[in-house]
Structures are given as C-alpha cells and as structure tokens.
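Residues per chain are reported as follows:
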Amino acid sequence: MALSEVEKRKKKARRSNALARAKSEKLAKSVWEERIIIRLLCQLSGREKKFPVLSIPVYELGLDSTDGRTYKYIKTACGRLGATTKIIEDVQNKTFTVIPYFAEIKYQNGVIFAQFNAKMRPHLLELKPGFTTTDYEQFRRLKTINGQILYNLLHSWNSRTATPELPIERLHELFSATKYQKQHWNNFRQKTLDPAMEDVRQAGYWFEPKFIKQGRNIIAVQFLLSIETKLAEEKQQRKDKQTETGKLFAACTRCIFEKHQMGECKPNMRTKLCKFCVANNMRGSAEMEDAPQSDEVADEK
C-alpha cells in the first residue's frame, strides 16, 4: 500500500545545513547513534514552540527488544548521545559554536525517550528555506559510521545540481583521519573514503567523485550530485576532444602538404603516392563521380 503524504513526511528528518555538516566532538562508536538522531528528527514538524519529549520503539531502528544484545547496544548508544556535542562552524568567518545535542535521553520497556537541547532550536525548528531533508528509510540502509558522515555531508547541499568541493584537510577532519592517513592519501582513500562512498551508493544515493590535483597531489574532492550534470560534463569533454582532434588533423595535413611541395614526402609502397597525393586523388575521384555528365557521354551510354 502506498504511503500517504503525511506518512511520507513523518519519514523525513529536517535540520539546518550547518548542523548536517557539523562534526561531532567525538566520533560515533556505532551506526545506532546517528540512526537514533535521524529517527527522532522525523517526529519534529518544525512548527513546535519548544522541544517536546519524543519517543521511538527500538524496532523502528531495526532492533529486537527481546534480544539480549539490544539493551547493551541501546545503553551504549544513548549514553554517548547524552554527552554528544556538535561543533557548528562558520568556516568563512572562522567562528564555531559547540552545542550539546540532547537535554535528556532515556530507555524504558523497548522505547527510547528523548528531548533535544533548547539551544538546538535555530537548527531544528526555526529553519530557513533550503534546509537539509533526510529520508529515514534510505539512511537506515547505511551500514557504516563513515557512510553516515558522508551521506549527511552530501545531503546538506539541498540542490542536486550543486557540485560541492571539499579540501582534503576538511575530509580528514570529518572522518577523524589518523596521522598516518593524513600523510598518505592512498591509505586514507582505501581505508576510509572509498568504503564510505560505496556504502552511500549501496543505500541508493547517486553521486560521482572527482579528484582535484595540484601537481601530483590530491588537494580536494568534488562531488557531482546529479546524473544530468555528469552527462553534460561528459558531452562537453567529448566536444573538446573532437575540437582538439580536428586541430591536430589540420596541423598534420599542413605538415604533409609542406613536405609534398618541397618534394620531401614519402611515397606509399603500394600506391607509389604520398599521403597528400592519395588524399587528393580520392577527393578528385569523388568529385568526378558527382559531376554532371556531358551529353556525349550520356549518348554513348
């Protein structure tokens, strides 16, 4: 049965772009932490005057409350979320604000109860146009913490025609790269970035990375978020290549002609003619075939 518009909206999490791009002070230890946040956000309409106490049964997270391990997972995740702070940064003005996510969070009888911190109001309730919207069902398919981080980041550009470009230093910061990974790009890409990108793709979110080089070093990664943008770019690349090929062919033809005039051209062993003569003979034959025949020739036929 198809979902109604109201039911679909209840599966959408809304937050400011700055919050979606914000880095947690401490990296999550499990996928349950961010999954709990997104599911709780789905219950906010954005019209509330203040944050209500929200509740979600754990089965909506993909957990079984009768499983003995569930209590351990939820206790660890909620314990960390209660102390989670977001570093909301304004890179251009070089300012940042550290805000605790929750005022309270608890678990009872297979249900999580939580209330967001009032300081989060500008980022969760008083939203400006163009805010980040996340589909919970798609987000739930993510299997890795780094996949969740990248998904949140890409979703913060609400326009699918955008092509965000992130410096390598910013990616190192978001993914909490090790000192070794910061010094070795291939290790960072193979161990962290590539698995995160694959996880996001498997969840059903299309994008295409483009690695920006300066000399031999990768300095940034650009993300194409629209298949139309990618196709337009490939079309322009083909056009540029055809133009370049035409220029090379013209230059080559001029070179052959100059050698032909100077008597330096090399005849082909089969035709005993140089490339320029062969080309001219072929063109001349085609012109003769296309030319209108005289009356005498027509009478003979």
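Numbering of residues starts from 1 in each chain and follows the order in which that chain's sequence is written. Given that the model is predicted, a residue must reach a pLDDT of at least 70 before its local features are reported, and side-chain atom pairs must reach 80 or more before they are shown or counted; all residues, however, enter totals for whole chains, interfaces and linings. Side-chain measures here rest on the full set of heavy atoms in the structure, leaving out hydrogens and waters.

## Some details on empty space enclosed by the protein
The method works on a 1 Å grid over the protein atoms by themselves. A cavity is a set of points holding a 1.4 Å probe that cannot get out, a pocket is an open set with protein on both sides within 12 Å along at least five of seven lines, and residues with an atom within 4 Å of a point line them. Grid points are joined across faces, edges and corners, and a volume is the space filled by probe spheres set on the points. Enumeration according to the criterion identifies one cavity of 30 Å³ or more in this entry. Looking at the lining of the largest cavity, the element that brings in the most residues is helix 7 (residues 145-155), giving five residues. When residue character is reported, Ala, Val, Leu, Ile, Met, Phe, Trp, Tyr, Cys and Pro are called nonpolar, Asp, Glu, Lys and Arg charged, and the others, Gly included, polar. Of the residues assigned to the lining of the largest cavity, the class counts are 11 nonpolar, five polar and seven charged. Secondary structure is summarised from DSSP: a helix means a run of H or I of at least four residues, a strand means a run of E of at least two, and numbering begins at the N terminus for each.

## Remarks on the pattern of salt bridges
Here a salt bridge means any side-chain nitrogen of Lys or Arg lying within 4 Å of a carboxyl oxygen belonging to Asp or Glu. Counted according to the given criterion, the structure contains 10 salt bridges. Note that E34 and R15 form a salt bridge whose closest N and O atoms lie 3.7 Å from each other. Of this pair, E34 sits in helix 3 (residues 31-41) while R15 is found in strand 1 (residues 12-15), placing the two residues 19 residues apart along the sequence. With respect to burial, E34 and R15 carry one shared label: buried. Each of E89, R170 and E173 takes part in salt bridges that share partners, so that together they form one network. With a 1.4 Å probe rolled over the protein chains alone, any residue whose accessible area is under 20% of its type maximum counts as buried; one over 50% counts as exposed, and the rest are partly exposed.

## A look at helix 4 (residues 68-82)
Expected helix span is computed as 1.5 Å times (number of residues minus one). Helix length check: helix 4, at 15 residues, gives a terminal C-alpha distance of 22 Å against a target of 21 Å (1.5 Å per residue), a fit within 8%. Residues of helix 4 that are buried include every one of T70, I74, A77, C78 and L81, and no others. Relative to the axis of helix 4, the buried residues are bounded by an arc of 95 degrees and lie together on one face. Away from the buried face of helix 4 by more than 90 degrees, exposed residues G68, R69, K72 and K75 are located. Backbone nitrogen of R69 and a side-chain oxygen of the N-cap are separated by 3.0 Å at the start of helix 4; the cap is D67. The arc under discussion is defined with respect to the helix axis, by the directions toward the C-beta atoms. As used in this structure description, the phrase polar contact means that two N or O atoms lie within 3.5 Å; if the pair is within protein, one of them must be able to donate a hydrogen and the other to accept it, and residues adjacent in sequence are counted only when both atoms belong to side chains.

## Looking at the nonpolar core
Residues belong to one nonpolar core when they are buried, are Ala, Val, Leu, Ile, Met, Phe, Trp, Tyr or Cys, and are joined through side-chain atoms within 4.5 Å. In this structure, I36, L41, I112, F116, L150, F207 and F223 are the most contacted members of the largest nonpolar core, which totals 60 residues. Considering every element that reaches this core, the biggest residue donor is helix 3, with seven residues. Whether two residues are in contact is decided by their heavy atoms: any pair within 4.5 Å suffices. Ignoring any residue separated from it by four or fewer positions in sequence, one finds I112 in contact with I36, L54, S55, I56, V58, L61, I74, C78, I105, K106 and Y107.

## A few points about the sheet that holds strand 5 (residues 95-100)
Strands qualify as paired when DSSP identifies two bridges or more between them. The antiparallel open sheet is built from three strands, whose spatial order is 2-4-5. Each edge of the sheet is formed by a strand with only one pairing partner; in this case those strands are strand 2 (23-24) and strand 5. Bridge count for strand 4 (residues 85-90) against strand 5 is six bridges, and the pairing is antiparallel. Among the inter-strand pairings, D90 is bridged to a residue of strand 5, identified as T95.

## Looking at the packing of helix 3 against helix 4
Lines are fitted to the C-alpha atoms to define the axes, a helix being fitted only along its stretch in contact, and any angle between axes, read from their N-to-C directions, falls within 0 to 180 degrees. Put simply, helix 3 and helix 4 touch, their axes get as near as 9 Å, and they point 70 degrees apart. In terms of orientation, helix 3 lies roughly perpendicular with respect to helix 4. Between helix 3 and helix 4 the crossing geometry is right-handed. Here W32, E33, I36 and I37 of helix 3 come into contact with helix 4, specifically with Y73, A77, C78, R80 and L81. Orientation categories follow fixed angle ranges, with anything under 35 degrees roughly parallel, anything over 145 roughly antiparallel, 65 to 115 roughly perpendicular, and all other angles oblique. Left-handed describes a crossing whose near helix is turned anticlockwise from the far helix through less than a right angle; right-handed describes the clockwise counterpart.

## What to know about the sheet that holds strand 10 (residues 208-214)
The sheet built from three strands is open, its strands ordered 9-11-10 with antiparallel pairing. Looking at strand neighbours, the two that pair on one side only are strand 9 (165-167) and strand 10, the edges of this open sheet. Geometrically, the sheet is characterised by an average inter-axis angle of 30 degrees between neighbouring strands, direction not taken into account. Pairing of strand 9 with strand 11 (residues 217-224), which is carried by three bridges, proceeds in the antiparallel orientation. Note that in strand 11 the partner of P167 across the bridge is A220. Running over the sheet, helix 10 (residues 185-202) touches strand 10 and strand 11 and is turned about 160 degrees from strand 10.

## Notes on the side chain of T192
Position of T192 relative to the elements: it lies in helix 10. Given a relative accessible area of 7%, T192 falls into the buried group. Side chain to side chain, T192 and Q181 meet in a polar contact 3.1 Å long. The residues contacting T192, other than those within four sequence positions of it, are N146, F175, Q181 and N187.

## Regarding helix 10
With 18 residues, helix 10 extends 24 Å between its outermost C-alpha atoms, agreeing within 8% with the 26 Å of an ideal straight helix rising 1.5 Å per residue. Throughout, the bend at a residue refers to the angle made by two axes, fitted to the seven residues ending there and to the seven starting there. Most pronounced at L193, the bend in helix 10 amounts to some 35 degrees, and the proline P195 follows within four residues. Those residues of helix 10 that fall on the buried side of the exposure criterion are W185, F188, T192, L193, A196, M197, D199 and V200. On the buried face of helix 10, the contacting elements are helix 7, helix 8 (168-174), helix 9 (179-183), strand 10 and strand 11. At the exit of helix 10 stands G204, carrying a positive phi of roughly 105 degrees.

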